[in-house]
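For reference, the chains in residue letters:
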Amino acid sequence: MNEGQILGRRQKLRRMEVLRAADKEARTREWFDGKVPESDTDRQDRGQATRDLLDLGLLEKDDLYPRARHPNFYCLTPQGRTFLKDVIKKIGKGNSIDWKRVREIEFPTSERRLLAEDV
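The model shown is predicted, which means the values in this text are computed figures rather than measured ones.

Q: Residue-level account of the side chain of Arg-14, with values.
A: Tracing the chain through its elements places Arg-14 in helix H1 (residues 3-24). A distance of 3.2 Å separates polar atoms of two side chains, one belonging to Arg-14 and the other to Glu-17. The contacts of Arg-14, once residues within four sequence positions are left out, are Asp-42, Asp-45, Arg-46 and Ala-49.

Encoded structure:
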């Protein structure tokens, strides 16, 4: 496996981790932004994954934070929710993801955002 494949796989893992966390409303703003304690070695990758998902239109900032009913600063867009459901359907086991098959996930590119009519 070359460096590009490893990086691509790691990016996919982090992006999926961020999408799942946004779906479950399970993390803090600092976690999404990659601003957690130094002991978290994935923090920079996660911050980049969050920015990538915002650019792709799969994730959005919750403008009502912190007044919102839930404490999540980020949430899935309708396209993000559909994308996550499709990934789970394709490489999932029940409601979870088979992480060994992460290379099969195809994210939209930043040049071409996933549009509502694409799903």
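Q: Could you give an account of the nonpolar core, with specific residues and numbers?
A: Ranked by size, the top nonpolar core spans 25 residues in total, and within it Met-16, Leu-19, Phe-83, Ile-105 and Phe-107 carry the most contacts. Of all the secondary structure elements, the ones that give two or more residues to this core are H1, helix H2 (29-33), helix H3 (43-56), strand S2 (74-76) and helix H4 (78-91).

Q: Before we move on, could you go through the pattern of salt bridges and cite the residues and values that matter?
A: Oppositely charged side chains can form a pair if their charged atoms are brought close together. Throughout the structure, instances matching the rule amount to seven salt bridges. The residue Arg-81 makes a salt bridge to Asp-23 at a minimum N-O spacing of 2.7 Å. Of this pair, Arg-81 sits in helix H4 while Asp-23 sits in helix H1; the two residues are 58 residues apart in sequence, bridging distant segments of the chain. Classification of Arg-81 by relative accessible area gives partly exposed; the value is 35%.

Q: An account of the packing of aromatic side chains is needed here, citing residue identities and associated values.
A: Scanning all chains against the criterion turns up four aromatic pairs. Centroid distance Phe-32 to Tyr-74: 5.3 Å. Interplanar angle 50 degrees. Geometry classified as tilted. A residue pair is termed long-range when its members are at least 10 positions apart, and Phe-32 in helix H2 and Tyr-74 in strand S2 qualify at 42 residues. Each of the two residues, Phe-32 as well as Tyr-74, counts as buried. For the pair Phe-83 and Phe-107, a centre-to-centre distance of 5.0 Å together with 40 degrees between the ring planes defines the contact as tilted. In this pair, Phe-83 sits in helix H4 while Phe-107 sits in the segment after strand S4 (96-97), placing the two residues 24 residues apart along the sequence. For the pair formed by Phe-83 and Phe-107, the shared burial category is buried. Ring pairs connect the aromatic residues Trp-31, Phe-32, Phe-73 and Tyr-74, which therefore count as one cluster.

Thresholds applied
- Residues numbered from 1 in each chain as written.
- Predicted model: local features only at pLDDT ≥ 70, side-chain atom pairs only at ≥ 80, totals over all residues.
- Heavy atoms only, no water.
- Helix = DSSP H or I, 4+ residues; strand = E, 2+ residues; numbered from the N terminus.
- Polar contact = N/O pair within 3.5 Å; in protein donor to acceptor, adjacent residues only side chain to side chain.
- Contact = heavy atoms within 4.5 Å.
- Core = buried A, V, L, I, M, F, W, Y, C linked by side-chain atoms within 4.5 Å.
- Buried < 20%, exposed > 50% of the residue type's maximum accessible area, 1.4 Å probe, protein only.
- Salt bridge = Lys/Arg side-chain N within 4 Å of Asp/Glu carboxyl O.
- Phe/Tyr/Trp six-rings, centres within 6.5 Å; stacked < 30°, edge-to-face > 60°.

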